[in-house]
Amino acid sequence: MAHIKNKQILIGISGGIAAYKSVELVRILVRNGARVKVCMTRSACEFITPLTLQAVSGNRVHTELLDPDAEAAMGHIELARWADLILLAPATANFMAKLAHGIADDLLSSICLATAAPVHLAPAMNRLMWANQATQANYKLLQTRGFVIHGPAEGEQACGETGAGRMLEAQQLADLLAASLAEKNTAIAGKTVLITAGPTREAIDPVRFISNRSSGKMGYAVAKAAKAAGAEVILLSGPVALESPAGVKRYLVESAKEMHQKALQLARQADIFIATAAVSDYSPAHVYEQKIKKSTDTLTLQLHYNPDILFDVSHAYPDLFCVGFAAETQDLLKHAEAKLQRKKLDMIVANPVGKNKGFEKDTNQLEILWQGGHLSLPENTKEKLAIDLIQTISRVLYSE
Ligand code: CTP
């Protein structure tokens, strides 16, 4: 976390139970050499005391907008200018709504309106509050305005329910901040990165298809990490339930054949190609025009082999830096090595799938192989692994 050293980070805490995690977050940042100031909303002070944050940050905690003690009574402007980066952790549904609508009725929201620094958010709330249309609309609006949003994670919540809405853990947030402060220095900045993501759907009839369990989360995390590293990102995605990351150009396709055609076309403008998509290897030889009616007969589907997108792109564009993924249930490294050679790749990222691993999960573990190199990344969030992968690609490209 060298990139955190001497950085001026403002942690904004709004009123949610996850505020207790922010104490640990501030400790980690301070331990790694950051200068940390904390601003709390009134309701945040109901969950943890400013005194605790003062003790861990080593600085006076700011809570009031109209503070006569603050320099020239312009405390919000001073703090807004001081920060290299602002992280709102936790960011409640209410605080996100205020931010989305430019409301500045307390110190923290006024700072957010007055700053030129990047503002990151770590949302934390009950799962239904997160899923609520109003919150989702605010989330999307904030993303399009360039706010960087980390999480929320899924899991057990303080209210006893289970779902999406948990704030990421302190260490994960510290890692993400470190990466975002570092990433502008990577060799990938200014390069065009084409990423395939998600599953494909192979139609059987107008209502049925063959697909797989890919959620697209890894590919979307890679797109987000590449964008944050300063790259131009083109995301070629199969059907997923994910929003396009801010600033990324997304093309949506359904079938392997559509993805194949579009990838070959888009690769022309790319410097790096990362194939994270879980492309269906086969599609029905015949697509029924009408819905297949049920009968007691056995239904036999004949499947034809689909084109290999990665193979064709890497052979059509020999100068493109091509990165493949290898999802394997056994003999991980052996299969990955074989794919690296067969598909003529510069790098392959192997990950175990099946038995509760890989697909549909928020975490993963990766083995990255390239000519003359190997890096093992132990289990972590897909967001963090994506950042490490982008940095590894940068390093390998740079050293060539
Ligand atoms: N891939 C692709 N087009 C395909 C199949 C795979 O672009 N039709 C890409 C994937 O996006 C991934 C890599 O190739 O980057 C390896 O995919 P994987 O499914 O692991 O390998 P396959 O080549 O399909 O081999 P197998 O299914 O036999 O393991």
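If you're wondering where the values come from, they're calculated on a predicted model, not measured in any experiment.

## Quick word on the domain arrangement of the chain
Many analyses report the size of an interface as the accessible area lost when the parts associate.
Item 1. Once the domains are mapped, the chain shows domain 1 (2-181) and domain 2 (192-399).
Item 2. On a C-alpha basis, the centres of domain 1 and domain 2 stand 34 Å from each other.
Item 3. In total, domain 1 and domain 2 occlude about 900 Å² of area from one another, counting both sides; carbon and sulfur atoms represent 55% of this.
Item 4. Looking at the side of domain 1 facing domain 2, the largest losses of area belong to Gln143, Leu176 and Ala179, adding up to 39% of the total buried there.
Item 5. Applying the counting rule to domain 1 against domain 2 returns 1 salt bridge.
Item 6. Between Glu243 and Lys140 there is a salt bridge whose closest N-O contact spans 3.5 Å.
Item 7. Linking domain 1 with domain 2 are 2 residue pairs in polar contact (both at pLDDT 80 or more).
Item 8. Contributing elements (two or more residues each) for the side of domain 1 that touches domain 2: α8 (133-144) and α9 (170-182).

## Focus: the nonpolar core
Item 1. In this structure, Ile11, Leu29, Leu53 and Ile274 are the most contacted members of the largest nonpolar core, which totals 70 residues.
Item 2. Looking at this core, you find at least three residues from each of domain 1 (2-181) and domain 2 (192-399).
Item 3. Setting aside its immediate chain neighbours within four residues, Leu29 contacts Ile4, Ile9, Ile11, Ala34, Val36, Ala174 and Leu177.

## Details of the side chain of Asp308
Item 1. Assignment of secondary structure puts Asp308 in the loop between β15 (303-305) and α12 (309-316).
Item 2. A polar atom in the side chain of Asp308 sits 3.0 Å from the backbone nitrogen of Phe311.
Item 3. At a separation of 2.7 Å, a polar atom in the side chain of Asp308 contacts the side chain of Lys343.
Item 4. Residues in contact with Asp308, not counting those within four places in the same chain, are His260 and Lys343.

The rules behind each value
- Residues numbered from 1 in each chain as written.
- Predicted model: local features only at pLDDT ≥ 70, side-chain atom pairs only at ≥ 80, totals over all residues.
- Heavy atoms only, no water.
- Domains from an automatic or database assignment.
- Buried area = accessible area lost by both parts, 1.4 Å probe.
- Salt bridge = Lys/Arg side-chain N within 4 Å of Asp/Glu carboxyl O.
- Polar contact = N/O pair within 3.5 Å; in protein donor to acceptor, adjacent residues only side chain to side chain.
- Helix = DSSP H or I, 4+ residues; strand = E, 2+ residues; numbered from the N terminus.
- Core = buried A, V, L, I, M, F, W, Y, C linked by side-chain atoms within 4.5 Å.
- Buried < 20%, exposed > 50% of the residue type's maximum accessible area, 1.4 Å probe, protein only.
- Contact = heavy atoms within 4.5 Å.

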